[in-house]
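# Per-entry structural report
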Amino acid sequence: MTIPAGSRSVRMVLPAWHGLEGAGFEVRRPFPGRAVAHLDPFVLLDEMGPTDNAPGEAVGAPDHPHRGFETVTYLLDGELEHRDSWGNAGRLRPGDVQWMTAGAGVVHSELPAPRIVRDGGRMHGFQLWVNLPRSEKLTPPRYQDLRAVGIPAVRSGDGRAEVRIVAGEALGVHAGTRTHTPILYLHVSLAPGGRIEQPVPRGWNVLVYVFGGRARIGRDLRVVPDGDLAVLAKDGDALVLESDGGRAELLVLAGEPLGEPVLQYGPFVMSTEEEILQAIEDYRAGRMGEIAPALSPPPVGSRLSPAAA
Ligand code: FE
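Residues numbered from 1 in each chain as written. Predicted model: local features only at pLDDT ≥ 70, side-chain atom pairs only at ≥ 80, totals over all residues. Heavy atoms only, no water.

### Things to note about the confidence of the model for the protein
What counts here: Per-residue confidence from the predictor is given as pLDDT, running between 0 and 100. Throughout, a contact is declared for two residues whenever any of their heavy atoms are within 4.5 Å.
Predicted confidence across the protein gives a mean pLDDT of 93, with 94% of residues reaching 70 or more. Across residues 294-309, confidence stays below pLDDT 50; counting only partners more than four residues off in sequence or on other chains, it has 23 contacts.

So, in structure tokens, the structure goes:
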């Protein structure tokens with residue numbers, strides 16, 4: 001197979017590290033890490049699970065604030081319940097995406113649905129943090145709930161590659177998702193022999209995270225295994241992705257860099273230390289709202305068994 005002119009090469013490969021988030025759920029996090037802080041405009045990528053939870057075992061992230069960026073949650077397996085300090089609530093099922101602009105600030109909880117906590121079950125998904133331009137960091141919070149059926153899925157001509165388009169455009173199909181700056185977010189499933197060539201604008205940062213199988217990525221068809229993130233060099237305007245013989249699952253993230261200072265402190269992503277201090281103060285003073293106790297779900301985010309709770 002010929003490699004098209006203008007194909008980007010792989011600049012580096014970052015293995016995800018394993019950690020615990022929220023009330024103690026397992027994540028694989030390719031960045032930020034020791035090798036790179038953020039990959040402008042992306043601040044963080046977490047693969048949550050997959051975990052197979054016994055009854056009473058599933059945990060999530062109880063009440064916590066965000067300001068200055070967007071969280072994009074893509075659920076693959078399980079059921080996730082969301083509530084925030086402005087009275088919004090929702091549930092994500094497999095294939096659903098929630099694109100939340102935290103903007104000026106929200107306090108929210110992201111917890112496995114009570115059914116999963118009670119009966120056990122598999123949880124698997126992604127959370128991506130997308131930075132906001134400095135001028136829009138204090139924009140009012142906004143939600144886009146993308147249901148699985150509304151997310152365009154396209155197959156390559158030979159049927160061996162399937163692309164779900166969360167944001168941007170692939171194989172001639174455009175997703176209607178609104179983003180503050182231009183973003184491409186694709187879930188690519190490759191069957192044996194599957195291949196796609198995806199246009200990527202010059203100057204954008206382009207990342208490919210492998211979360212199942214192995215893929216050949218970029219001009220040099222670099223083999224990237226499960227759990228690794230390929231960061232592409234800015235040396236072209238096309239991205240080649242191929243199966244390495246078996247099936248592979250990939251997340252493709254690309255975006256126009258903001259080129260602004262990025263300061264992350266826990267759940268806040270701002271541009272200066274002063275803005276971080278302001279965020280902490282506003283959160284403590286309740287200016288990001290709070291989840292009213294009467295509206296809070298039962299403490300399913302804790303590790304206590306129902307009997308102990
Ligand atoms: Fe959160």
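### Quick look at the pairing of strand β20 (residues 222-225)
The test is simple: At least two bridges found by DSSP between two strands is the condition for calling them paired. Helical segments are the DSSP runs of H or I of at least four residues, strand segments are the runs of E of at least two, and each set is numbered from the N terminus.
Here 4 bridges tie strand β19 (residues 205-217) to β20, and the two strands are oriented antiparallel to one another. Each bridged residue has a counterpart across the sheet, and for Ile 217 the counterpart in β20 is Arg 222.

### Description of the environment of Thr 272
Threshold: Burial classes: relative accessible area under 20% of the type maximum marks a residue as buried, over 50% as exposed, and values in between as partly exposed (1.4 Å probe, protein chains only). We define a polar contact as two N or O atoms separated by no more than 3.5 Å, with the added condition that, inside protein, one atom must be a possible hydrogen donor and the other a possible acceptor, whereas residues neighbouring each other in sequence contribute only through side-chain atom pairs.
By secondary structure assignment, the location of Thr 272 is in the loop between β24 (268-270) and α2 (273-284). Owing to a relative accessible area of 26%, Thr 272 belongs among the partly exposed residues under this scheme. The spatial distance from the C-alpha of Thr 272 to the C-alpha of Val 262 is 7.6 Å, given a sequence separation of 10 residues. Leave out the neighbours within four places in its chain, and Thr 272 touches Arg 134 and Leu 263. Within the structure, the side chain of Thr 272 is placed 3.1 Å from the backbone nitrogen of Glu 275, a separation counted as a polar contact.

### Examining the side chain of Asn 131
If you trace the backbone, Asn 131 turns up in strand β11 (residues 121-131). The exposure class assigned to Asn 131 is buried, which follows from its relative accessible area of 4%. A distance of 2.6 Å separates polar atoms of two side chains, one belonging to Asn 131 and the other to Lys 137. Ignoring anything within four residues of it in the chain, the contact list for Asn 131 reads Pro 41, Val 43, Gly 68, Phe 69, Lys 137, Leu 258, Val 262 and Val 269.

### Quick notes on the coordination of the iron ion
This is how the line gets drawn: Any N, O or S atom lying within 2.8 Å of the metal counts as a donor, with the limit raised to 3.2 Å for Na, K and Ca; because water is left out of the atom set, some sites can appear incomplete.
Donor atoms from the polypeptide that coordinate the iron ion comprise His 64 (NE2), His 66 (NE2), His 108 (NE2) and Glu 110 (OE), at 2.1 to 2.3 Å from the metal. Motif for the iron ion, donor spacing along one chain: H-x1-H-x41-H-x1-E. Of the two residues, His 66 is situated in strand β5 (residues 61-66) and Glu 110 in strand β10 (residues 106-112); the sequence distance between them amounts to 44 residues. Across this residue pair, the class does not change: His 66 and Glu 110 are buried.

### Brief notes about the packing of aromatic side chains
How two aromatic rings sit relative to each other is given by the distance of their centres and the angle of their planes. To keep things clear, this is the line we draw: Between rings of Phe, Tyr and Trp, where Trp is taken as its six-membered ring, a pair exists when centres lie within 6.5 Å; planes separated by under 30 degrees are stacked, by over 60 edge-to-face, and by other angles tilted.
Scanning all chains against the criterion turns up 6 aromatic pairs. On the numbers, 5.9 Å between centres and 85° between planes, the contact of Phe 126 with Tyr 209 is edge-to-face. Pair noted here: Phe 126 is in strand β11 and Tyr 209 is in strand β19, with a separation of 83 residues, a long-range link. No difference in accessibility class separates Phe 126 from Tyr 209, as the two residues are buried. Grouping aromatic residues by their ring pairs yields a cluster made of Tyr 74, Trp 99 and Tyr 185.

### Here we look at the sheet that holds β5
Here is the rule we go by: Fitted lines through C-alpha atoms serve as axes, helices being fitted only where they are in contact, and the angles separating the N-to-C directions of these axes extend from 0 to 180 degrees.
Read across the sheet, 4 strands follow the order β5-β10-β7-β8 without closing on themselves; strand pairing throughout is antiparallel. The sheet is open, and its two borders are formed by β5 and β8 (89-92), each paired with just one other strand. Strand-to-strand, the axes of this sheet are offset by a mean angle of 20°, without reference to chain direction. Of the pairings in the sheet, the one linking strand β7 (residues 80-84) to β8 comprises 4 bridges and is antiparallel in character. Looking at the pairing, Glu 81 lines up with Arg 91 of β8.

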